[in-house]
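Now for the letters of each chain:
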Amino acid sequence: MGNEMDVILVEKMSNGSLRTMEERRWGMNMVAALEHVNYIVVGGKEYDTIEGRLNVDTGKLELLLVQIRNE
C-alpha cells in the first residue's frame, strides 16, 4: 500500500437497507483521522460513522454511515 487508500462510503438507510454512496481515494492522514472523529461531512450532509471494515481481499476501507437529521 502506498500513501492512499480506496474508501467506500456506505449509508445505512432508515429502513435498514444499505446504499453505496461513493468510492474515493483518501490520503493516509484522512484515514488516520478516523481514529479521532465520530462524524464526517459528505456532500454538505453530516453522517455518524457507525463502523469501519477493512476488506483485505480488495484492499479497500468500507465505512458504514448514518445521516444525522438536523431539522
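Our structure's up above, just so we're on the same page.
Residue positions are counted from 1 within each chain, in the order its sequence is given. Whole-chain, interface and lining totals are the exception, using all residues; otherwise, since this is a predicted model, local features are given only for residues with pLDDT of at least 70 and side-chain atom pairs are given and counted only at 80 or more. Calculation of side-chain values draws on the structure's entire complement of heavy atoms; hydrogens and water are dropped beforehand.

Honestly, the pairing of strand E1 (residues 4-12) in this entry has me stumped. Any pointers?
The side chains of a regular strand alternate, first on one face of the sheet and then on the other. Burial runs high along E1: seven of the nine residues are buried. Sheet topology places E1 next to strand E2 (residues 18-27); nine bridges connect them, and they run antiparallel. Of the residues in E2, the one forming a bridge with Glu4 is Gly27. Where E1 folds back onto E2 in an antiparallel hairpin, the turn is made up of five residues, including Gly16, whose phi is positive at roughly 95°. Strand pairing follows a simple DSSP-based rule, namely that at least 2 bridges must link the two strands. In this text, helices come from DSSP runs of H or I with a minimum length of four residues, and strands from runs of E with a minimum of two, each type numbered from the N-terminal end. Of the strand pairs in this sheet, E1 and strand E5 (residues 60-67) are connected by six bridges, and their pairing is parallel. Directly across from Ile8, in E5, lies its bridge partner Glu62. Burial classification: accessible surface area is computed with a 1.4 Å probe over protein chains only, and a residue below 20% of its type maximum counts as buried, one above 50% as exposed, and the rest as partly exposed.

Please clarify how the nonpolar core should be interpreted in this entry.
One recurring pattern in soluble globular proteins: nonpolar side chains tend to sit buried together. Membership of the largest hydrophobic core is limited to twelve residues, which are Met5, Val7, Leu9, Met21, Trp26, Val31, Ile40, Val42, Tyr47, Leu61, Leu63 and Leu65. Only E1, E2, strand E3 (39-42) and E5 provide two or more residues apiece to this core. If we ignore the near neighbours within four places in the chain, the residues touching Tyr47 are Glu11, Met21, Asn38, Tyr39, Ile40, Val42, Leu65, Val66, Gln67 and Ile68. Working definition of a nonpolar core: buried Ala, Val, Leu, Ile, Met, Phe, Trp, Tyr and Cys residues. They are joined through side-chain atoms within 4.5 Å. Only heavy atoms enter the contact rule, under which two residues are in contact if any of them lie within 4.5 Å.

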